[in-house]
Amino acid sequence: MSEEGVYIVKAIDFTEAVIKLRSDNIVHVTYKTGTVLDVPLQMRMLDMYHEICDSRKLPFLFDAMDHVTVTREAKINAIE
């Protein structure tokens, strides 16, 4: 990482994204190129968030590579 003294504690790397827990207790999610974020993916990732955070509430940082899209249903689901 570019920040002095910050390192990756845990990471889950799968087809659509990489989820990393940083040593400053920020969860960094990077969506990979071409990912379509839909409700089933949101539900899979929710389980991964609980796993990587040990069910603690932590701040998240999201970024995305090229050509990542979010379905309308996923947008609605995210705010419910």
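*Asks:* Please clarify how the side chain of His28 should be interpreted in this entry.
*Replies:* Summarising the element assignment, His28 is placed in strand β3 (residues 27-31). Residue class for His28 comes out buried when judged on its relative accessible area of 12%. A distance of 3.4 Å separates a polar atom in the side chain of His28 from a polar atom in the side chain of Asp63. Those residues in contact with His28, other than ones at most four positions away along the chain, are Val18, Ile19, Lys20, Arg22, Leu61 and Asp63.

*Asks:* Just to check I follow, could you spell out the nonpolar core for this structure?
*Replies:* Proteins that are soluble and globular tend to have nonpolar side chains buried together. Ranked by size, the top nonpolar core spans 16 residues in total, and within it Phe14, Ile19, Val27, Val29, Tyr31, Met45 and Ile52 carry the most contacts. For this core, the secondary-structure elements that each account for two or more residues are β2 (17-22), β3 and α1 (39-53). Here this core takes six residues from α1, the largest share from any one element. When sequence neighbours within four positions are dropped, the list of residues in contact with Val29 reads Val18, Ile19, Met45, Tyr49, Phe60, Leu61, Phe62 and Asp63.

*Asks:* I would appreciate a short explanation of the sheet that holds strand β5 (residues 60-64) in the present structure.
*Replies:* Across a sheet, strands are paired by hydrogen bonds formed along the backbone, either parallel or antiparallel in direction. Ordered in space as β1-β2-β3-β5, the four strands form an open sheet in which the pairing is mixed. In this open sheet, the two strands that pair with only one neighbour each are β1 (8-13) and β5. Here the strands of the sheet are splayed against their neighbours by 15° on average, with no regard to which way each runs. Of the strands in this sheet, β1, β2, β3 and β5 touch α1, which is tilted by about 25° from β2.

*Asks:* Help me understand the environment of Val6, please; the structure alone is not making it clear to me.
*Replies:* Residue position: Val6 is located in the segment before β1. Judged by its relative accessible area of 14%, Val6 falls in the buried class.

*Asks:* Any chance you could explain the pairing of β1 here in plain terms?
*Replies:* Walk down a regular strand and you will see the side chains alternate between the two sheet faces. Looking at chain direction, β1 and β2 are connected through five bridges and run antiparallel. Counted as the bridge partner of Ile8 is Arg22 from β2. Connecting β1 to the next strand, β2, in antiparallel fashion are three residues.

About the criteria used
- Residues numbered from 1 in each chain as written.
- Predicted model: local features only at pLDDT ≥ 70, side-chain atom pairs only at ≥ 80, totals over all residues.
- Heavy atoms only, no water.
- Helix = DSSP H or I, 4+ residues; strand = E, 2+ residues; numbered from the N terminus.
- Buried < 20%, exposed > 50% of the residue type's maximum accessible area, 1.4 Å probe, protein only.
- Polar contact = N/O pair within 3.5 Å; in protein donor to acceptor, adjacent residues only side chain to side chain.
- Contact = heavy atoms within 4.5 Å.
- Core = buried A, V, L, I, M, F, W, Y, C linked by side-chain atoms within 4.5 Å.
- Pairing = 2+ DSSP bridges.
- Axes fitted to C-alpha atoms, helices over the stretch in contact; angles between N-to-C directions.

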